[in-house]
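Results of the structural survey
Below are the chains, spelled out letter by letter.
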Amino acid sequence: MNKLIAIFKQYKHQLSWIYVFMILTELSILSTPFLLGKSIDGLMNNNWHWMVLLGISYFLSNLFNYKRMVYDTKVYTNIYNNIALKFLKKDNVDLSTKIARADMAHEIVHVLEGYVHYYIATIVTIIGSLIFIFSENWQVGVLISFAIVFITSAVFILYKKIKQGINISNNHYEKKAKSIEDGYASSKSFFSRRRKIEICQSTIQGKNWFLVNSIKYVFLILSIILLITTTKDITIGSVITVYSYVNNFLIALLSAPVAIEMVLRISDVLKRLK
């Protein structure tokens, strides 16, 4: 991961601006369930000021997201070009490997552009949602905190298989250009093998998602039951607020499988681009 850290340091100012806009966007989105619940309760009492705040929140999240999208493509395309061209200067690897690894450089940029954004949103959602849930009903907060243990444990059950699948897939991909160069029969064999590898990876991912989603729905149902049975004089707005934050929290926890796969995938690519 030293190479990834070096990229962060090299482009720290540009990346910092992108991530600041991302955090501001996510904080605006985080406030939505709270403001929505207050708006519903307020409208039932002919009070409109929460609805105005909700509208401002929507506007700000769109504005910050727009600012980020306008700026970040310029930064990420520059990073990719620098990584790919630097690697292509090397003369100690064959053409097929060069082509494959230049394509793999996209994985590094994808981490910065996709995964880092995703995990900023996830961290803000997990911490922010827990704060709002505990403020509404501490018992529900304690309950869903246990979901962290269950979902994390479920992910590590299939950890080794995911790692092995990524390594096999990248090893095979490096032979693509050579297979095409060798003719139709070799190309046919390559793509047939590629299909089997992708099917195997998809099956492992499917099992992972089935397991963690099952855990998510169990905790979501239990949270609803606990909220209704332990809260006196609960309002419609409060139910919607707590349900939304619990759901958002559990969805954010489902980033664990993506996190594991991302770390394994980028680690494998970085080893090849040394």
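Presented here is a report on the structure given in the accompanying data block. Computed from a predicted structure; not experimentally measured.

Observations concerning the overall build of the chain
Across its full length, the chain carries 11 helices and zero strands. Scanning the chain from its N terminus toward the C terminus, one meets helices and strands in the order α-α-α-α-α-α-α-α-α-α-α. Burial status across the chain gives 43% buried among its 274 residues. For the chain, the share of sequence-separated contacts (at least 6 apart) that also reach a separation of at least 24 residues comes to 82%.

Focus on helix H3 (residues 32-44)
Relative to the 18 Å expected for 13 residues at 1.5 Å per residue, H3 spans 18 Å between its end C-alpha atoms, a close match to the ideal helical length. Looking at H3, one finds that the buried residues are Thr32, Pro33, Leu35, Gly37, Ser39, Asp41 and Gly42. Of the residues one or two after H3, Asn46 is the one with positive phi, at around 60°.

What about the environment of Thr230?
Of note, Thr230 is situated in helix H9 (residues 184-230). Here Thr230 falls in the partly exposed class, since its relative accessible area comes to 30%. Sequence separation between Thr230 and Val140 is 90 residues; the distance between their C-alpha atoms is 9.1 Å. Filtering out sequence-adjacent residues up to four positions away, Thr230 remains in contact with Asn137 and Gln139. Within the local environment of Thr230, its side chain forms a polar contact with the side chain of Asn137, the two groups lying 3.0 Å apart. Of note is the side chain of Thr230, whose polar atom sits 2.6 Å from the backbone oxygen of Leu226.

Here is what the cut-offs are and how they apply
- Residues numbered from 1 in each chain as written.
- Predicted model: local features only at pLDDT ≥ 70, side-chain atom pairs only at ≥ 80, totals over all residues.
- Heavy atoms only, no water.
- Helix = DSSP H or I, 4+ residues; strand = E, 2+ residues; numbered from the N terminus.
- Buried < 20%, exposed > 50% of the residue type's maximum accessible area, 1.4 Å probe, protein only.
- Contact = heavy atoms within 4.5 Å.
- Expected span 1.5 Å × (residues − 1).
- Polar contact = N/O pair within 3.5 Å; in protein donor to acceptor, adjacent residues only side chain to side chain.

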